[in-house]
Amino acid sequence: MAEEKSAPGGDAAVAQSAGDDNYLTHGKGILSWLFTLDHKRIGVMYLVAILSSFFLGGVFAMLIRAELFTPGQTIMTADTYNKMFTLHGAVMIFLFIIPGIPATLGNFVLPLMLGAKDVALPRLNLASFWLWLIGATFAVVSIIVGAVDTGWTFYTPYSTTTGTAVISMTLGAFILGFSSIFTGLNFIVTIHKMRPEGMTWFKMPLFLWGLYSTAIIQVLATPVLGITLLLLVAERTLGVGIFDPALGGDPVLYQHFFWFYSHPAVYIMIVPAMGIMSELISVFSGKHIFGYRFIAYSSIAIALLSFLVWGHHMFTSGQSSLTNMIFSALTFSVAIPSAVKVFNWLATMYKGSIWLAAPMLYALSFLFLFAIGGLTGLFLGALATDIHLHDTYFVVAHFHYVMFGGTVIAFLGGIHYWWPKLFGRMYSERWAQLSAFLIFVGFNLTFFTQFVMGSHGMPRRYYDYLDEFTAYHQASTVGSGILAVGFLIMAGYLLHSLARGEKAPANPWGGATLEWETTSPPPYYNFAHEMRAGDPYDLEALEWDPSIKGYVRKDPSSVLLGEEGTG
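What counts and how
- Residues numbered from 1 in each chain as written.
- Predicted model: local features only at pLDDT ≥ 70, side-chain atom pairs only at ≥ 80, totals over all residues.
- Heavy atoms only, no water.
- Core = buried A, V, L, I, M, F, W, Y, C linked by side-chain atoms within 4.5 Å.
- Buried < 20%, exposed > 50% of the residue type's maximum accessible area, 1.4 Å probe, protein only.
- Helix = DSSP H or I, 4+ residues; strand = E, 2+ residues; numbered from the N terminus.
- Contact = heavy atoms within 4.5 Å.
- Pairing = 2+ DSSP bridges.
- Phe/Tyr/Trp six-rings, centres within 6.5 Å; stacked < 30°, edge-to-face > 60°.
- Salt bridge = Lys/Arg side-chain N within 4 Å of Asp/Glu carboxyl O.
- 1 Å grid on protein atoms, 1.4 Å probe; cavity = no way out; pocket = protein on both sides within 12 Å on 5 of 7 lines; lining within 4 Å.
- Points joined across faces, edges and corners; volume = space filled by probe spheres on them.
- Nonpolar A, V, L, I, M, F, W, Y, C, P; charged D, E, K, R; others polar.
- pLDDT = per-residue confidence, 0-100.
- Axes fitted to C-alpha atoms, helices over the stretch in contact; angles between N-to-C directions.
- Parallel < 35°, antiparallel > 145°, perpendicular 65-115°, else oblique.
- Left-handed = near helix turned anticlockwise from the far one by under 90°.
- Lys, Arg positive; Asp, Glu negative; His and termini not counted.
- Polar contact = N/O pair within 3.5 Å; in protein donor to acceptor, adjacent residues only side chain to side chain.

Visitor: Give a detailed account of the nonpolar core, specifying residues and quantitative values.
Guide: The nonpolar side chains of soluble globular proteins are, as a tendency, buried together. If you look at the biggest cluster of nonpolar residues, it comprises 164 residues, and the most contacted ones within it are Phe94 and Phe366. A per-element tally of this core places helix α4 (residues 78-113) first, with 21 residues. When near neighbours in sequence (up to four residues on either side) are disregarded, phenylalanine 366 contacts Ile270, Ala273, Met274, Met277, Trp345, Ala371, Gly405, Gly406, Ile409 and Ala410.

Visitor: Go over the environment of alanine 528 with me, naming the residues and quoting the values.
Guide: Examined against the element boundaries, alanine 528 turns out to sit in the loop between α16 (470-500) and β1 (542-545). Of the residues examined, alanine 528 reaches a relative accessible area of 24% and is grouped as partly exposed. Sequence-wise, alanine 528 and threonine 518 are 10 residues apart; in three dimensions their C-alpha atoms are separated by 8.1 Å.

Visitor: Please set out the pairing of β1 residue by residue, giving values where relevant.
Guide: The pairing of β1 with strand β2 (residues 550-553) spans 4 bridges and is classified as antiparallel. When the sheet's bridge partners are listed, glutamate 543 is paired in β2 with valine 552. Two successive antiparallel strands, β1 and β2, enclose a turn made up of 4 residues, where lysine 549 displays a positive phi of approximately 55 degrees.

Visitor: Before we move on, can you summarise the side chain of aspartate 244 with the specific residues and values?
Guide: Its location among the elements puts aspartate 244 in the loop between α8 (206-238) and α9 (251-285). In this structure aspartate 244 touches Pro157, Thr160, Thr161, Glu235, Gly249 and Asp250, once residues within four positions along its chain are discounted.

Visitor: How would you explain the packing of aromatic side chains if you had to name every residue and give the values?
Guide: The final tally for this structure, using the stated rule, is 51 aromatic pairs. Geometrically, the ring pair formed by tryptophan 152 and tryptophan 259 is edge-to-face, given 6.1 Å between the ring centres and 85 degrees between the ring planes. Placement of tryptophan 152 in the loop between α5 (122-145) and α6 (158-161) and of tryptophan 259 in helix α9 is noted, with a sequence separation of 107 residues between them. Overall, the relative accessible area of 15% leaves tryptophan 152 in the buried class. Pairing tyrosine 292 with tyrosine 537 gives two aromatic rings, centres 6.3 Å apart and planes at 55 degrees, and the pair type is tilted. Taken together, the residues tyrosine 292 in helix α10 (residues 292-305) and tyrosine 537 in the loop between α16 and β1 connect sequence positions 245 residues apart.

Visitor: Describe the pattern of salt bridges, with residues and values.
Guide: With the rule as written, the count across this model stands at 5 salt bridges. Residue aspartate 38 is joined to lysine 40 by a salt bridge in which the shortest nitrogen-to-oxygen separation is 3.0 Å. You'll find aspartate 38 and lysine 40 in the same group, each marked buried. Its salt-bridge partner being lysine 549, residue glutamate 502 comes within 3.5 Å of it at the nearest N-O pair. With a gap of 47 residues between them, glutamate 502 in the loop between α16 and β1 and lysine 549 in the loop between β1 and β2 connect regions that are remote in the sequence.

Visitor: With reference to specific residues and values, describe unusual backbone geometry.
Guide: Excluding glycine, residues mostly carry a negative phi; peptide bonds, for their part, are mostly trans. Look at the link from threonine 156 to proline 157: it is a cis peptide, with omega at 5 degrees. Topologically, proline 157 is positioned in the loop between α5 and α6. Omega for the peptide link from serine 520 to proline 521 comes to -5 degrees, which places this bond in the cis form. As for its position among the elements, proline 521 is in the loop between α16 and β1. A positive phi is found at arginine 461, a non-glycine position, where the angle reads about 70 degrees.

Visitor: Outline empty space enclosed by the protein, listing residues and values.
Guide: All chains considered together, the criterion is met by 4 cavities of 30 Å³ or more. Roughly 110 Å³ of internal volume is contained in the largest cavity. Taken together, Phe94, Ile98, Pro99, Trp132, Ala173, Leu176, Gly177, Ser179, Ser180, Thr222, Leu225 and Tyr261 make up the full set of residues lining the largest cavity. Only α4, α7 (166-193) and α8 provide two or more residues apiece to the lining of the largest cavity. With 5 residues, α7 is the single largest residue contributor to the lining of the largest cavity. Looking at side-chain class alone, the lining of the largest cavity contains 8 nonpolar, 4 polar and no charged residues.

Visitor: Which residues make up the confidence of the model for the protein, and what values do they have?
Guide: Averaged over every residue, the pLDDT of the protein is 92; residues scoring 70 or more account for 96%. Counted against residues more than four places away or in other chains, residues 1-18, with its pLDDT under 50, gives 28 contacts.

Visitor: Before we move on, could you go through the packing of α8 against α9 and cite the residues and values that matter?
Guide: Direction vectors running N to C along α8 and α9 enclose 160 degrees, while the axes themselves pass 8 Å from each other. Looking at the two axes, α8 sits roughly antiparallel to α9. Crossing of α8 over α9 shows left-handed handedness. Each residue belonging to the contact of α8 with α9 can be placed in one class, and the counts come to 21 nonpolar, 8 polar and 1 charged.

Visitor: Account for the side chain of glutamate 235, naming residues and giving values.
Guide: Positionally, glutamate 235 belongs in helix α8. Arginine 236 is the oppositely charged side chain nearest to the buried, salt-bridge-free glutamate 235, at an N-O distance of 9.0 Å. Here isoleucine 242 takes part through its backbone nitrogen, which lies 2.6 Å from a polar atom of the side chain of glutamate 235. Here the side chain of glutamate 235 touches aspartate 244 through a polar contact of 3.1 Å, landing on its backbone nitrogen. Excluding residues that lie within four positions of it along the chain, glutamate 235 makes contacts with Thr160, Val240, Gly241, Ile242, Phe243, Asp244 and Leu247.

Right, dumping it as structure tokens:
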């Protein structure tokens with residue numbers, strides 16, 4: 001159901017100035033949400049759906065850690081355990097972390113940062129959300145009818161022979177891939193065609209560079225996964241020999257196809273997170289971002305290099321020594337643009353006026369945890385040490401330090417940063433800081449111990465273990481409990497803020513990007529005027545206004561198209 005639009009700057013603009021209309025109240029009833037073309041509402045619906053997936057995946061994780069609290073059977077059988085860790089991985093990867101930042105914060109913030117009224121293709125945006133829902137439904141049905149016990153990688157030939165619900169789960173992932181492609185296409189077109197006057201490529205906010213780089217990977221890499229999963233289903237249902245050696249197939253071919261998508265997918269997860277970091281670190285350091293162009297170029301470099309390193313997942317699969325050496329060298333090359341970003345973030349903070357609000361606490365957590373995740377990746381990229389560490393808990397810890405310590409922590413930082421803009425309410429800073437502290441402590445207790453036991457030879461995915469690993473597993477389980485408490489506190493104060501939170505000003509943090517030029521929450525059509533862009537990190541153009549407890553632009557006309565100003 002398409003919604004009627006008024007002329008730009010018309011009724012919505014009047015309502016905005018009157019303060020009695022915003023995108024949350026514009027239209028009543030569930031249908032006005034389910035069939036909306038408004039990018040902000042679609043972003044909020046994604047947020048609810050994806051956080052629900054995160055909760056489901058988190059429950060599976062807690063069950064896994066509870067089972068591993070003691071050797072042998074604790075709360076579930078070995079078969080159930082196999083299903084639990086598969087579902088944890090599949091739900092977290094395909095339903096939460098891959099779509100997480102682009103679909104939620106990207107959908108909400110991207111047009112606002114461009115000073116635009118929506119994305120370029122609103123109907124494609126809504127179709128993307130519905131495809132996500134359909135794909136998620138397939139995944140949930142798979143869980144109900146028998147779950148999957150293959151691991152989230154669906155490695156053949158086991159995935160083509162097991163009796164669990166592999167077909168429905170892989171079809172779910174196939175449909176989710178289309179959702180991801182639609183979102184990526186929309187972002188590419190929007191950034192190319194809808195930038196406002198004054199926003200050249202090198203005056204774009206770095207979060208947009210992150211989303212743009214991510215969109216390129218989504219569009220180019222995701223079809224490979226789709227084809228691979230279709231071949232898997234064909235082999236399973238028709239008995240065509242593609243991957244199964246018993247049918248004349250090659251299981252290593254599956255790994256090549258799978259990782260050709262899934263390693264770039266790692267960067268679908270982390271590159272937009274890096275974009276969030278650039279915004280947070282500049283604003284909460286009170287300084288212009290250092291090395292803007294280097295960070296922007298690094299985003300593109302990571303996107304391109306991500307297509308060349310998939311073979312490092314297969315050092316033990318029987319590849320030739322020369323192939324292993326080439327993939328090892330390419331893997332090390334990916335560290336360069338990542339290190340460039342970290343250096344520039346640290347240089348931005350240097351001599352800055354650091355404001356330790358909740359978003360900045362997550363930014364600092366990201367720097368610490370992502371650095372550990374990145375550096376431990378060098379051990380896995382080196383051929384000699386990877387042979388020892390392959391398929392141990394060291395890999396599990398490395399993966400979680402990058403994906404959770406990187407992407408999820410940045411996602412949380414972004415949620416806290418844009419929460420006032422999303423819902424027009426402030427949250428309790430004191431509870432937010434406590435939650436961030438518990439999540440940081442709980443995360444490190446959960447996963448740092450896994451580095452130790454992995455380096456001592458504890459294999460990953462094992463249901464049982466030797467007594468010498470008991471202390472590590474118990475510490476890890478206790479850490480996961482602390483982590484869960486941190487998230488419960490977060491859910492509590494964020495929900496509380498929706499009902500009783502202090503009303504948010506338009507710009508509570510002092511950000512200079514265009515989304516802070518409209519009200520919190522924004523009106524239906526985002527801006528009352530056509531916007532023009534200046535330097536997105538010129539924080540000197542803003543000043544604190546104690547009467548509204550927020551920042552205002554010293555020269556408001558500098559960002560208004562057709563107005564006389566200094567911008």
